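Read off the chains here:
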Amino acid sequence: MDCRDIEYTLTLLVNNRPGVLSRIAGVLGSRGCNIASLCVAPTADAAVSRITLTGGADGDFTEKIKKQLDKLVDVIAVENYTGPRFIQRELMLIGLRLGGERRADLLRAIDLFGGRIVSMDGDYTVYEVAGTREQTQAVLSHLEPFGVEIMNRTGPIAVPRYGSGNGSLAPDPAG
Amino acid sequence: METTGADIVLRTLEREGVEAIFGYPGANSLPLHDRMIDSPVRHFMMRHEQAAAHAADGYARATGRVGVCLSTSGPGATNLVTGIATAFMDSTPLVALTAQVSTDLLGRDAFQETDIIGITLPITKHSFQVKDINDLGLSLRQAFALARSGRPGPVLVDLPKNILSATGPIRENRFDETPIAALKNQSNGNGLREIAEALNRSKRPVVIIGGGVKWSGADRKVNELIHGAGIPFATTMMGIGSVQAANGLNLGFIGTHGHDLANRIVHQSDFILAVGTRFTDRSTSRLDEFAPLARVAHIDIDPTSIGKNVPVDLPYVGDIAQALTALLPLVRSRNRTGWLQKIRRERTLLEDRLPNGGCGEAGQFIDRLQKVLPEETTVVTDVGLNQIWTVRTWNARAPRSLITNGGMGTMGFGLPAAIGAKIGTPEREVVLIIGDGGFLMNIQELATISYYRLPIKIVVINNGQLGMIRQIQDLFYDARFTTITLGNHTDLVAVARGFGIPAGRVRAGGDTEKEIEAFRKARGPYLLEAAVDPENYVYPIIPPGRSNIDMIYGKCA
Ligand SMILES: Cc1ncc(C[n+]2csc(CCOP(=O)(O)OP(=O)(O)O)c2C)c(N)n1
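The structure presented is a predicted model; accordingly, all values stated were derived computationally and were not measured.

Q: Explain the packing of aromatic side chains to me, using residue names and the numbers behind them.
A: Where two aromatic rings form a pair, the distance of their centres and the angle of their planes describe that pair. Under the criterion given, the structure shown has 7 aromatic pairs over all chains. Consider the rings of Tyr 81 of chain A and Phe 86 of chain A, whose centres lie 4.5 Å apart with planes at 20°: the pair is stacked. Geometrically, the ring pair formed by Phe 519 of chain B and Tyr 526 of chain B is edge-to-face, given 6.1 Å between the ring centres and 75° between the ring planes. There is no split in this pair, since Phe 519 of chain B and Tyr 526 of chain B are both buried. In this structure an aromatic cluster arises from ring pairing among Phe 22, Phe 44, Tyr 59, Tyr 451 and Tyr 452 of chain B. The ring of Tyr 553 of chain B carries Arg 353 of chain B above its face, with NZ or CZ at 3.9 Å from the centroid.

Pasting the structure below:
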């Protein structure tokens, strides 16, 4: 097995227990597969967590990994959430300074990207934006010349675009 | 009523039908050993924890039941690792119990604390660390259920000392194994119908039998399939013994050290029905040249084994015995005279190329041994030439009668595995065939054999060398021999006698009759050292990086 450059997104429902994450990481790591992003949070049922992970692999590999993950005792379900049938979003927080004559430019850019300012401390401002990975990446590239002090993002989470039974492939309105 | 954690462990073992466990004590496991005095579960104290894991493995391989090993925390637990990995690779159901420091000391680098769960993550099916006595019984039951369900394998249960000595209520917690045993991805019957149709249409079919057949208890069903429809079959090394040779349908085993006939016929086949195999690199050699003409159907209980290495056209996930029961009525026998004739011709041709089955005087010697031993004998091998000579020579008449480790190739496995096999099946004669290198790797277990007076017959085939490595250097490293000489300065007969085990010595190629007779007649443990020539290799063999049909028959071939 080897990893390629196509992004995959897997989501897993897992028992919320110590050690579960290391087993999952082990399955990927021992097969030479890097994890690009990882997001873990409890579901409505606190005993069950949902993990979303992304990385690079080809389609065949993703299916093999999916089968391997499915074998773990604490993994309740694994889904391949790669592709246009799934809505993906990540949240990005950016801290930067809004001083000087570029302040107006910057505020316009922030407005344009549909983000919002969540905190201000003097001219230091924390700005929040959500979107697909491509969108957050675009925002980041645009803001970098303004002097980003810190950036942190969650990595994507995803859900199916359609309710069960509806399979048409409409484009992502955000993407 | 209250009871201790140790009692809960022992009572659960009893309920699981465990008669014997293999272990070694330490301070943190003492609460458990302390309660063994009143338990019907027999504890065999090995002389090394690695041997405890291999013995539990050997016990499981010989009986089909879950093997159990036990160690203390820290070094005891880490000593189990090679044994757990060996069991994992060959899908042996094993429960490894490791004592641990008390829960209040966990994470403080306490004396003999080690994260054994972390260390064994990639070589266990699952593991539990019990931190509450109320979870103890259930975790253990789950461990057993997991070890034997689906594709079997090792499960580790880490037992902190204070949990073992804590008291808690006796709970007859009702345990339902069904959800654990249920297969997540079981295929539906259509898959089998397609397999049957493809098989019925095929002109040159072969069945490939892996180790999974024995774990599934599907040997009778595979026999019915093969003999009912007259389909030639090959096995993997782990599948040897599952089906008895008959009607010229047995092609031998495939792969690096396998039979040329099996490799060639698989290569020419137009349809492969693979059951219970992982298609490891040892079996397939170069994947891009493996069975290029064949459609492949694969029945296995482990979905990750299907399509992992060899692309599969017709996958079926499910228990082999159940799948074959449903498949059998759909399979028609048809006239494949041409195919069978071709196999007959190639067989004769290849047999002429290979006097003595390719194993030289060592093979002839093993053959002579089998002839004097009862039919109900279990042979255990170690790893190296001794293993290949044995699996090529020994006529295994039942699925569990030949015990060898394939996936891991662990030297030192044989001696403790033979102990486990003997304890699991005391009614059977158990013979160990081992090289001088592997023998030295767990030689301390002679003390265990001697102490418990286990009537195990040991054959050390002594070439004074790491024989298999020597062959590789001779053939593929231009005969530049390095780091292979064990030497002949160790008097193994004296060593055995020193441990209290009678012993004899013979030249495998010489006059062996008297010594073999003494060996056969021995009532208790016995060791026979058989000297062979260091150049007694095994042929044919596939050079590294070549395909299954590129077997060579000698140095210059
Ligand atoms: C634990 C372990 N270390 C090293 C090896 C590599 N190895 C495979 S076969 C072999 C030689 C075995 O020599 P011996 O036990 O004397 O058996 P022979 O091949 O001579 O029959 C070695 C070193 C191994 N398989 N297992």
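Following the structure, the description resumes.
Q: Tell me what's going on with the domain arrangement of chain B, and back it up with residues and numbers.
A: Residue and element names in this part refer to chain B. Domain boundaries assigned for chain B yield domain 1 (2-182), domain 2 (185-353) and domain 3 (355-531). Taken over C-alpha atoms, the centre of domain 1 sits 30 Å from the centre of domain 3. At the junction of the two partners, domain 1 supplies 25 residues and domain 3 supplies 26 residues. Between domain 1 and domain 3 lies a buried interface of about 2,000 Å² when both sides are counted; carbon and sulfur atoms form 67% of it. Along the contact surface separating domain 1 from domain 3 lie 0 salt bridges. The tally of links from domain 1 across to domain 3 stands at 8 residue pairs in polar contact (both at pLDDT 80 or more). Listed by contribution, the elements that provide at least two residues to the side of domain 1 that touches domain 3 are strand S2 (20-23), strand S3 (42-45), helix H3 (49-63) and helix H5 (81-89). When residues of the side of domain 1 that touches domain 3 are assigned to their parent elements, the largest contribution, 11 residues, is made by H3. By residue class, the composition of the side of domain 1 that touches domain 3 is 12 nonpolar, 9 polar and 4 charged.

Q: Any details on the sheet that holds strand S5 (residues 94-100) of chain B? Residues and values, ideally.
A: Residue and element names in this part refer to chain B. The strand order across the open sheet built from 6 strands is S3-S2-S4-S5-S7-S6, with neighbouring strands paired in parallel fashion. The open sheet has two free edges, formed respectively by S3 and strand S6 (126-129), since each of these has just one partner strand. Taken over all neighbouring pairs, the strand axes of this sheet differ in orientation by 20° on average, direction set aside. Looking at chain direction, S6 and strand S7 (residues 154-160) are connected through 4 bridges and run parallel.

Q: Tell me about the pairing of strand S17 (residues 429-435) of chain B, and please be specific about residues and values.
A: Residue and element names in this part refer to chain B. The buried fraction of S17 is high, at 7 of 7 residues. Residues Glu 429, Val 431, Ile 433 and Gly 435 point to one face of S17 and Val 430, Leu 432 and Ile 434 to the other, with burial holding for every one of them. When strand S15 (residues 377-381) meets S17, the two strands line up parallel, connected through 5 bridges. Paired with Val 379 across the strands is Val 431, a residue of S17. Bridge count for S17 against strand S18 (residues 456-462) is 6 bridges, and the pairing is parallel. What sits directly across from Val 430, in S18, is Ile 456.

Q: Any chance you could break down empty space enclosed by the protein for me, citing the residues and the numbers?
A: A water-sized probe rolled over the atoms picks out the places where empty space is left. Tallying each qualifying case throughout the model produces 4 cavities of 30 Å³ or more. Here the second largest cavity defines a volume of roughly 50 Å³. Class assignment for the residues of the lining of the second largest cavity results in 5 nonpolar, 1 polar and 2 charged.

Q: Just give me the short version of the packing of helix H12 (residues 219-229) of chain B against helix H15 (residues 320-327) of chain B, but keep the residues and values in it.
A: All names here are of chain B. At a minimum axis distance of 9 Å, the contact between H12 and H15 shows a crossing angle of 30°. The orientation of H12 relative to H15 falls into the category roughly parallel. Relative to H15, the crossing made by H12 is left-handed. Residues Lys 221, Val 222 and Leu 225 of H12 pack against Ala 321, Leu 324 and Thr 325 of H15. For the contact of H12 with H15, a count of residues per class yields 4 nonpolar, 1 polar and 1 charged.

Q: Tell me about the nonpolar core, and name the residues and values.
A: Nonpolar side chains tend toward joint burial in soluble globular proteins. All names here are of chain B. Residues Ile 208, Val 266, Ile 272, Phe 365 and Trp 389 are the most contacted members of the largest nonpolar core, which totals 59 residues. Residue-level mapping places this core at the junction of two domains, with at least three residues from each of domain 2 (185-353) and domain 3 (355-531). With residues near it in sequence (within four places) discarded, Val 266 still touches Val 206, Ile 208, Ala 234, Ile 254, Ile 272, Phe 290 and Ala 291. Of all hydrophobic cores here, the second largest spans 49 residues; its members include Ala 56, Leu 80, Ile 434 and Ile 458.

Conventions we followed
Residues numbered from 1 in each chain as written. Chains lettered and ligands numbered in written order. Predicted model: local features only at pLDDT ≥ 70, side-chain atom pairs only at ≥ 80, totals over all residues. Heavy atoms only, no water. Phe/Tyr/Trp six-rings, centres within 6.5 Å; stacked < 30°, edge-to-face > 60°. Buried < 20%, exposed > 50% of the residue type's maximum accessible area, 1.4 Å probe, protein only. Lys NZ or Arg CZ within 6 Å of the ring centre and 35° of its normal. Domains from an automatic or database assignment. Contact = heavy atoms within 4.5 Å. Buried area = accessible area lost by both parts, 1.4 Å probe. Salt bridge = Lys/Arg side-chain N within 4 Å of Asp/Glu carboxyl O. Polar contact = N/O pair within 3.5 Å; in protein donor to acceptor, adjacent residues only side chain to side chain. Helix = DSSP H or I, 4+ residues; strand = E, 2+ residues; numbered from the N terminus. Nonpolar A, V, L, I, M, F, W, Y, C, P; charged D, E, K, R; others polar. Pairing = 2+ DSSP bridges. Axes fitted to C-alpha atoms, helices over the stretch in contact; angles between N-to-C directions. 1 Å grid on protein atoms, 1.4 Å probe; cavity = no way out; pocket = protein on both sides within 12 Å on 5 of 7 lines; lining within 4 Å. Points joined across faces, edges and corners; volume = space filled by probe spheres on them. Parallel < 35°, antiparallel > 145°, perpendicular 65-115°, else oblique. Left-handed = near helix turned anticlockwise from the far one by under 90°. Core = buried A, V, L, I, M, F, W, Y, C linked by side-chain atoms within 4.5 Å.

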